[in-house]
Amino acid sequence: VKALCQHNEKLSTVGTTLFFDTYGFLDVSATMPLSAALQVANLDHMLSEIATDKLVAFMLQIEAKYKDVPYHCNIHGADVTARLMGILKFSGICDAVDDDECAILIFAAIIAAAVHDVGHPGERRLPLLQDNVC
């Protein structure tokens, strides 16, 4: 994924715009949009090389756990993650981070965005509530 990310203009837009082209991104992210989004998120400055490798392995596992449903899928996870990174950048939050504690909170928010719909059955909440599924 990393080599692919380094050579593609669409992939380089992750976290740089609030108007992220999710489906254009999918076309070039080798069917791994969530993993690709995190690869180009430039989180390396927050992690050691060992931790970066572990993050990639973790995100590949998370991506595999997203179900192939019309909306709450890995594409949606990538979209939410990329837009959150854009918000953090354009709001000035990323630039204002000057200590490890704030960096950890930003990192946690990005991971939360990435995993927020893992395992979602793809159905609306009301029918699930009526069937006592959740």
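These numbers were taken from a predicted model, which means no experiment stands behind them.

Reading the values: rules and limits
- Residues numbered from 1 in each chain as written.
- Predicted model: local features only at pLDDT ≥ 70, side-chain atom pairs only at ≥ 80, totals over all residues.
- Heavy atoms only, no water.
- Helix = DSSP H or I, 4+ residues; strand = E, 2+ residues; numbered from the N terminus.
- Buried < 20%, exposed > 50% of the residue type's maximum accessible area, 1.4 Å probe, protein only.
- Contact = heavy atoms within 4.5 Å.
- Core = buried A, V, L, I, M, F, W, Y, C linked by side-chain atoms within 4.5 Å.
- Patch = residues over 30% accessible without salt bridge, like charges linked within 9 Å, V, L, I, M, F, W, Y side chains within 5 Å.
- Areas by Shrake-Rupley, 256 points an atom, 1.4 Å probe, with all protein chains shown as cover.
- Salt bridge = Lys/Arg side-chain N within 4 Å of Asp/Glu carboxyl O.
- Lys, Arg positive; Asp, Glu negative; His and termini not counted.
- Charge placed at Lys NZ, Arg CZ, Asp CG, Glu CD.
- Phe/Tyr/Trp six-rings, centres within 6.5 Å; stacked < 30°, edge-to-face > 60°.
- Lys NZ or Arg CZ within 6 Å of the ring centre and 35° of its normal.

This brings us to the overall build of the protein chain. The helix and strand inventory of the protein chain stands at eight helices and zero strands. Starting at the N terminus, the α and β elements of the protein chain follow one another as α-α-α-α-α-α-α-α. Per-residue burial for the protein chain yields a buried fraction of 36% across its 134 residues. Considering only contacts within the protein chain whose residues lie at least 6 apart along the sequence, 74% involve residues at least 24 apart.

With respect to the secondary-structure elements, tyrosine 66 resides in the loop between helix 4 (49-65) and helix 5 (74-90). Residue class for tyrosine 66 comes out buried when judged on its relative accessible area of 7%. Beyond its immediate sequence surroundings of up to four residues, tyrosine 66 is in contact with Leu34, His72, Cys73, Asn74, Gly77, Ala113, Ala114, Val115, His116, Asp117, Val118 and Gly119.

Turning to the side chain of glutamate 63, a few remarks are in order. With respect to the helices and strands, glutamate 63 occurs in helix 4. Residue contacts for glutamate 63: discarding those within four places in its chain leaves Thr31, Met32, Pro33, Leu34, Ser35 and Asn74.

Here we take up the nonpolar core. In this structure, Leu34, Leu38, Met59, Ile62, Ile110 and Ala114 are the most contacted members of the largest nonpolar core, which totals 14 residues. Of all elements in the fold, only helix 3 (33-39), helix 4, helix 5 and helix 7 (100-115) reach the threshold of two or more residues within this core. Broken down by element, the residue count for this core peaks at four residues, all from helix 7.

Attention shifts here to a negative patch on the surface. Together, Asp98, Asp99, Asp100 and Glu101 make up a negatively charged patch on the protein surface. Tracing the chain through its elements places aspartate 98 in the loop between helix 6 (93-96) and helix 7. Residue aspartate 98 is classed as exposed on the basis of its relative accessible area of 69%.

The next point concerns the pattern of salt bridges. A full pass over the atoms with the stated rule returns one salt bridge. Arginine 83 is the partner of aspartate 79 in a salt bridge, and the nearest nitrogen-oxygen pair spans 2.7 Å. Taken together, the residues span about one helical turn, with aspartate 79 and arginine 83 both in helix 5 at a distance of four residues.

The full count for this structure, using the stated rule, is zero aromatic pairs. Over the ring of phenylalanine 90 we find lysine 89; its NZ or CZ atom is 5.8 Å from the centre of that ring.

On the surface, Leu18, Phe19, Ile87 and Phe90 cluster together into a nonpolar patch covering about 470 Å² of accessible area. Within the element layout of this structure, isoleucine 87 appears in helix 5. Using a relative accessible area of 46% as the deciding quantity, one classes isoleucine 87 as partly exposed.

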